[in-house]
Amino acid sequence: MNFWEYNKTIALKVSTLLLCVLLMTTSSCKKDLSIYEINEVHVSNSNIDKNGLKKDIEFVSQAYSDLFEKPISGGALEEAIIAFNAIGDRDLVRDMMIRDLLNKSTLSLPDRTTINADVDLFVNKTYKKFYKRLPAPFELFSLRNMIIQNQDMQAKEIYYAFMTANEYNYF
Amino acid sequence: MNRRSFLRNTGMAAAATFALPYILPTGRLFAATGNRVVNHVVFCLLAGGVRNLESIQKSEGNLMPSLFNGTEPISNDILGGLDALPNPVNNQALQNYGTLFKEFRYGAGFPGHFQGHTTAITGSVVNNDISFNQPTQKPTVFEFYRKHNLSSNSGLNAWWVSNGIGENQNLSYSSDPSYGAKYSANFFSPLDLLVDGNYTPLDLCVSFNQNEMSRVDQMRSFLNQNFNAGVHQGQLNINTASDREQMDAFITKLIKDQKNGINRDPWNCGSSMNNDMYNIYFAERIIKQFKPELLVVNMTDIDICHNNYTKSCNNMRKADYAVGHLWNTIQNTPGMANDTILIVAPEHGRDIQSNSIIDSFGRYGNDHGDANSKNIFCLIAGPPSKVVQNQVVQSVTGQSIDIVPTIAHILGFKNDIPSHYLSGTPLTQALV
């Protein structure tokens, strides 16, 4: 091995080592933060197989993506985690977070005219949006009646009811 | 009904009233059996590792004039490292309002911060086998209180106000099958939530009016009827629905005040206000709002002693000022004034030998772990009719594991706690 080849080998080894160190240091600086992105979701006709309780981080990620149809940002998720950790009553935090999301100016909600134009479509969409399933016929029937009978009821209230009902806590 | 049968029936009814156990509205069968000394206890963990040398022995002068009598001047060489603070808010030092145990002990176990917190809050000796990521194995004072207390086991009566998240939240409740999350304290770390920006996920909450909520409830009720996989009763079930409403309003108000700058420098201390002082300030907000029967609050800024001794002395002064302020708030809160016992104790002390880290005033830091780290003090202050005033216990008396039994004794449920849970004894020497 001549001088240049020797130097080349040394340089290669040193740069590999530096690259490893760089990778190790940069990766170790980052917090492990799971971001739950939007995936294709199988729409079921039943809620019978839902038995996995959502963790707080999953709950807020899912709530955000259900409402805004895009994944929550890393920063927003980090703030949400702090809020969950800072207040012991996590059920209260979940409720407050939903009401906060429902009040965001960037959230687009169907108005009453849109809902009234096709109530069945709205109910079907709402079940799919939050529960990833279609309503059973009696659910469609009952929700349709509730919405028609309560003409003052806005999408914000309906979404809040869906997101604070038991089923929304489960996968 | 003739007179004889009337008397017999009345007598039987009266006997049954006394003989049958009470079924409380909370669903518990038995009420607390002991008499209460007072109706409120505030336990201030003056944590971060406080040596008796600098506190009660005043080696640097009286750094804690709100707690201890004395006008000993502070050492000249560290004066430049001390921030300006207002005069103590009370006319007298707190030791005059109660009993000071000058030779209190941490007891067995390693004197680490979390171990010290755990021992103080569970009344059990813990060692290095504790988990930092899971609820403590031994029941906490909050669980004892909420399970065995007569007047109310509402979560709004039991608070754990911590100046940081992390392992401290695991001291709200234990994994003990006889107790657990349903008897948890309301954990609150205000300094984490109320830092600008961190409250963003909660600061725009829409509030629904009564009609809207009625419609929501009707729809939610229907949705819940049709979900058979399980009933989500709340992960922890700390608060009832009505208590949660109050919590909601309280948190919302704190966030609003934070946004409006009301929480900034509430004691007119300017830049001297540190995290410990803020944590006590928010504990005072809870006291004013809920008048809790049991509140535990901690401070930890003194722990900077590892690498900055002078700053640690500075933080001791601030912690002292904050405790004085806390006492003053209690005495000015109707419902808690003259009906509250305040217990103040460090979680552990610090080493007798310095380490090798020197600060800008030429002082060496102190770690914790040696035998001296187990020497601490405990101050119990309260109404003159309930707490022995101006008493100083000079001999070695009491240890950290006695604090939980003392709280249980004061609030009247000590005898209801199964005896195997607590090995300490109430510090009745401090009580009238």
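As the structure is a prediction and not an experimental result, all values here were calculated from the model.

**What about the overall build of chain A?**
And step 1. Along chain A, the regular secondary structure elements total eight helices and zero strands.
And step 2. The buried share of chain A, taken over its 171 residues, is 32%.

**Quick word on the overall build of chain B**
And step 1. A tally of regular secondary structure across chain B gives nine helices and eight strands.
And step 2. Counting the 432 residues in chain B, one finds 50% classified as buried.

**Concerning helix α8 (residues 309–331) of chain B**
And step 1. With 23 residues, α8 of chain B should reach 33 Å at 1.5 Å per residue; the first-to-last C-alpha distance of 33 Å fits that figure.
And step 2. Burial analysis of α8 of chain B places 21 of its 23 residues in the buried class, the great majority of the element.

**Focus: the interface of chain A and chain B**
Interface size is commonly expressed as the accessible surface area that is lost when the partners come together.
And step 1. With 40 residues of chain A at the interface, the matching set in chain B holds 46 residues.
And step 2. The set of elements that each furnish at least two residues to the side of chain A that touches chain B consists of α3 (74–86), α4 (90–101), α7 (137–149) and α8 (155–164) of chain A.

**Considering the sheet that holds strand β1 (residues 40–46) of chain B**
Residues and elements named next belong to chain B.
And step 1. With respect to topology, eight strands assemble into an open sheet ordered β4-β3-β5-β1-β6-β7-β2-β8, the strand pairing being mixed. Whereas interior strands pair on both sides, the edge strands pair on one side only; in this sheet they are β4 (186–188) and β8 (391–399). Across this sheet, the average inter-strand angle for adjacent strands is 20 degrees, counted without regard to direction.
And step 2. The pairing of strand β6 (residues 340–345) with strand β7 (residues 375–381) spans three bridges and is classified as antiparallel. Its bridge partner being in β7, I343 is matched across the sheet by I380.
And step 3. Here helix α3 (residues 141–148) sits on the sheet and contacts β3 (158–161) and β5 (294–299); the angle it forms with β3, its principal contact strand, is near 170 degrees.
And step 4. Here helix α7 (residues 275–290) sits on the sheet in contact with β3 and β5, set at roughly 170 degrees to β5.

**Focus on unusual backbone geometry**
Residues and elements named next belong to chain B.
And step 1. Residues other than glycine seldom take positive phi values, yet N268 does so here, at roughly 55 degrees.
And step 2. By secondary structure assignment, the location of N268 is in the loop between α6 (241–259) and α7.
And step 3. Residue N268 is classed as exposed on the basis of its 8 C-beta neighbours within 10 Å.
And step 4. The phi torsion at K291 lies on the positive side, around 45 degrees, for a residue other than glycine.
And step 5. A residue is classified by how many C-beta atoms lie within 10 Å of it, and K291, with 19 of them, is partly exposed.

**Things to note about the packing of helix α2 (residues 56–68) of chain A against α4 of chain A**
Geometrically, a packed helix pair is captured by the angle between its two axes and the distance between the axes.
Residue and element names in this part refer to chain A.
And step 1. In the contact formed by α2 and α4, the axes pass within 11 Å of each other and the chain directions differ by 15 degrees. Between α2 and α4, the crossing angle belongs to the class labelled roughly parallel. Crossing angle aside, the handedness with which α2 passes α4 is right-handed. Residues D56, F59, V60, A63, Y64 and L67 of α2 lie in contact with α4, whose contacting residues are R90, R94, M97, I98 and L101.

**Concerning the packing of α4 of chain A against α8 of chain A**
Residue and element names in this part refer to chain A.
And step 1. Running from N to C, α4 and α8 cross one another at 155 degrees; their axes reach a closest spacing of 10 Å. Here α8 runs roughly antiparallel to α4, going by the angle between their axes. Regarding α4 and α8, the two cross each other, and that crossing is right-handed. Where α4 approaches α8, its residues D95, I98 and R99 are matched on the opposing element by Y160, M163 and T164.

**Quick look at the confidence of the model for chain B**
Residue and element names in this part refer to chain B.
And step 1. Here chain B averages 90 in pLDDT, while 89% of its residues score no lower than 70.
And step 2. With pLDDT under 50 throughout, residues 10–30 is counted as low confidence; its partners more than four residues away or in other chains account for seven contacts.
And step 3. Both scores are given for the predicted complex: the pTM is 0.85, the ipTM 0.85.

**Some thoughts on the pairing of strand β2 (residues 98–105) of chain B**
All names here are of chain B.
And step 1. Among the eight residues in β2, six count as buried, and that is most of the element.
And step 2. Inspection of the sheet shows β2 paired to β7 by six bridges, in the antiparallel sense. By the bridge assignment for β7, L100 is matched with L379.

Criteria and thresholds
- Residues numbered from 1 in each chain as written.
- Chains lettered and ligands numbered in written order.
- Predicted model: local features only at pLDDT ≥ 70, side-chain atom pairs only at ≥ 80, totals over all residues.
- Helix = DSSP H or I, 4+ residues; strand = E, 2+ residues; numbered from the N terminus.
- Buried ≥ 20, exposed ≤ 12 C-beta atoms within 10 Å, placed from the backbone.
- Expected span 1.5 Å × (residues − 1).
- Contact = placed C-beta atoms within 7 Å.
- Pairing = 2+ DSSP bridges.
- Axes fitted to C-alpha atoms, helices over the stretch in contact; angles between N-to-C directions.
- Parallel < 35°, antiparallel > 145°, perpendicular 65-115°, else oblique.
- Left-handed = near helix turned anticlockwise from the far one by under 90°.
- pLDDT = per-residue confidence, 0-100.

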